[in-house]
Each structure stands twice: as structure tokens, then as C-alpha cells.
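Per-entry structural report
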Amino acid sequence: MPTINMLSAADKVKGQGVGSAYLEQLDLVQNGLGEEYTIEVNKVKCADIMHYHTINLPYYLSLPFAKARKSVTVGAVHFLPETVDGSIKLPHIATHVFYKYIIEFYKSMDYLVTVNPNFIDKLEAYGIPRNKIAYIPNFVSKEKFYKMNELQKKELRKAYNIPQDKFVVLCAGQLQLRKGVFEFVEIAKAMPEVEFIWAGGFSFGNITSGYKEVKELLDNPPKNVRFLGIVERDKMNELYNIADLMFLPSYSELFPMIILEAMNCNTPILLRDLDIYPNILFDYYMKGNTNEEFIGHIQRLKNDIVYKEKYIAKSKEGSEFYSREHILSMWQEFYAEILCANKKILLASGEFTT
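Fair warning: this is a prediction, and the values are worked out from it, not measured in the lab.

Analysis parameters
Residues numbered from 1 in each chain as written. Predicted model: local features only at pLDDT ≥ 70, side-chain atom pairs only at ≥ 80, totals over all residues. Heavy atoms only, no water. Helix = DSSP H or I, 4+ residues; strand = E, 2+ residues; numbered from the N terminus. Contact = heavy atoms within 4.5 Å. Pairing = 2+ DSSP bridges. Axes fitted to C-alpha atoms, helices over the stretch in contact; angles between N-to-C directions. Parallel < 35°, antiparallel > 145°, perpendicular 65-115°, else oblique. Nonpolar A, V, L, I, M, F, W, Y, C, P; charged D, E, K, R; others polar. Polar contact = N/O pair within 3.5 Å; in protein donor to acceptor, adjacent residues only side chain to side chain. 1 Å grid on protein atoms, 1.4 Å probe; cavity = no way out; pocket = protein on both sides within 12 Å on 5 of 7 lines; lining within 4 Å. Points joined across faces, edges and corners; volume = space filled by probe spheres on them.

This part takes up the environment of A134. Structurally, A134 is set in strand β6 (residues 133-135). On a C-alpha basis, the gap between A134 and F119 in space is 10.0 Å, while along the polypeptide they are 15 residues apart. Beyond its immediate sequence surroundings of up to four residues, A134 is in contact with L112, V113, T114 and F334.

Printed below as a string of C-alpha cells:
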């Protein structure tokens, strides 16, 4: 039976989507492909497929050993230099070296998997052959994230001290400038009758871009804004069910896990109009570019029940599109294809043995 070694350090840093994406993909493959592959996790040994979910330096240094053992190396693409920009603040020289390392790591892989098809062109522009890049979207378990009934939602609002008739807008993500945290607060100031909640903190501490400015904001937020800090993932389902709207004003994203999580709860989605979204989210969400446009959507969603029901249905439709069966079949096909391709290469070189 072929072996897959899943390698990741993403779950060591709380409150970031890369860790959530890794844990979901690991769970999906372990439970869905366990009869076809032996799935190992962070083993210090080579497998038929070495699947790197993070770009840690020890993984990069171990690549010659993996290639010497004829393993197929797969890298997960969760970011590019241009998407990291605005997330962490490093000295100029360190930033240049880090960005160069990101691309060098990707180029060292036999195959790459990106969760957004828009990244294929960008990776190719960095000199990575298109035929080595696959697109497989993120997945979120419906057992972990699901719509609760109305009684459960009422009890949750009591527990979080939120009035039953209060309209709640939720954002989840790291506290970074690129996430639109200042815009989130400005919109909240313009809508004092609405409760705004941000779940997430400084996952990378004081090297987070804009740390000082955002920290000052946290110390004196408007009365209708709650910053909850980093929330354990098993508690996030409660927040999605409390919320009337999931709002992500971020200026740069790939495929945020929080969108899929909120969709599983049938919570309407409002996003900034970024070019990465149409190919993966179709018409499942509301979009805007300015604070005024965002306020307009929130007000309409708050006051127009038909409009709200429309986007509850859209969110549910998005959840059904990214079903377990659909994503699992993509991984099944991908792993089979790369093993077959590797076998052909080894046969041609005379190195394949049964």
C-alpha cells in the first residue's frame, strides 16, 4: 500500500487559516483514503508521497534525501510573496530573503497544489511549469461546522450577552492591516445599532504588520465592537451561528477557511471585491469596495428579510458545492496521477522495482 507522509507545523500557531486548512485536509484524507494509502503524520522518514503543508526550513533541507529515495514531493501553496506582504513586518533584507525562499521552496517541489485557480498564472510567472500545478480547493467538515437550530442560537446569544434582536456582524482572522481591521471599526462607528465582533488576534506577535496601530485600537474600541482575541476553532461554530453576517473586508486573501466555515452554518457572506473570489465563490456572496458599499449591504440585510433569505440560501448553496465527496475525489485523483507519473519516470530510467 502506498504511503503519504503529511508534514506540517501550521497547527503550532493558533488563529491562522493555514493550520485549519491542514487539519481539515488531513482528516479528509485519513478518513476518506485510508483504505488506499497509509497516511503518516510528521514522520522523520521518506514515503511514496511527501506532502509538505508548510515551508519550514528543515523540510527544505530534507528534500535531497526524499528525492534520493524516489519520493514524490508535493507542496501546498497557501501564500505568495505578494500575499504575505502586509501580514508580517520584517527588516527589508530579511523580507527579500524570505520572499526568495518561498519561491525557491515551491520550485523544489515535484508538484504544487493551490486552493485558488488564480494562483496558477502567478506561480507560472515565477517560473514554475504549469503542468506541475494542481488546483484543489479547501474543505470544511460539516460535522464541525453546521447550522444550529433557533433554540440553540437563542441560548448562545444569552451566553455571549447579546440581545436577541441585535443584528450581529462577525469577522474572523488575524489582526493585520491587510485584513481591513480599521475599515471594520470605521463601519461599526457608522452603525452604532449593530454589534460587531472580531474573532482573532496577533498570531505572529509584535512582528505582525501594523501591530502598534492595531494594538492602540484594541485598547479603546467603539462600544459596539468586541475583539475576542484568538478563539479556539471548536468554539467558532458558535460565533458563526450567532452572527447575522460574516464580513471579511480583507485586501488580500487566497481562499479563507472562515468563508467555508460560515457557509456550512448558512451565514450570509460579505467580502471585498477581490479578483480571487469569482472563480471559487461564484455568486454565493455579497461584495463591495468602499465602506459606504459595505454599510449599504449591511443595512439592507438588516432591514430586508427577502434579501437576507436570498443570501442565506446562497451560503447554503456554496456549502453544498464544496462537499466532502467532491473535494475527496479531487485528492484521490491527484495522488493516483502523481504516483502513476512517478512510476513511469522510474520505469523509463530503469530504477523502478516491485
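All right, on to the sheet that holds strand β1 (residues 3-7) then. Taken together, six strands build an open sheet; the order of strands is β2-β1-β3-β4-β5-β6 and the sheet is parallel. Edge positions in the sheet fall to β2 (38-41) and β6, since each has one partner strand and no second. Sheet twist, expressed as the average angle between the axes of neighbouring strands with direction ignored, equals 25 degrees. The sheet contact formed by strand β5 (residues 111-114) and β6 spans three bridges and is parallel. Within β6, the residue paired with L112 across the bridge is I133. Its contacts with the sheet put helix α5 (residues 118-125) on β4 (72-77), β5 and β6, and the angle it makes with β6 is roughly 165 degrees.

The subject of this paragraph is the packing of helix α1 (residues 17-32) against helix α14 (residues 324-349). Running from N to C, α1 and α14 cross one another at 80 degrees; their axes reach a closest spacing of 10 Å. Comparing their axes, α14 and α1 come out roughly perpendicular. Where α1 abuts α14, its residues Q25, L28, V29, N31 and G32 lie against R324, I327, L328, W331 and Y335. Broken down by class, the residue content of the contact of α1 with α14 amounts to six nonpolar, three polar and one charged.

What follows is about the side chain of D244. Structurally, the position occupied by D244 is in the loop between α9 (233-242) and β10 (245-248). A distance of 2.8 Å separates the side chain of D244 from the side chain of K308, its partner in a polar contact. Once residues lying within four places of it in the same chain are set aside, the contact partners of D244 are R157, K166, F167, V168, T267, P268, L301 and K308.

Each pocket or cavity is described by its volume, and for the second largest pocket that value is around 390 Å³. Secondary-structure elements contributing two or more residues to the lining of the second largest pocket are α6 (150-159), α9 and α13 (305-321). Looking at the lining of the second largest pocket residue by residue, the class counts come to eight nonpolar, four polar and ten charged.

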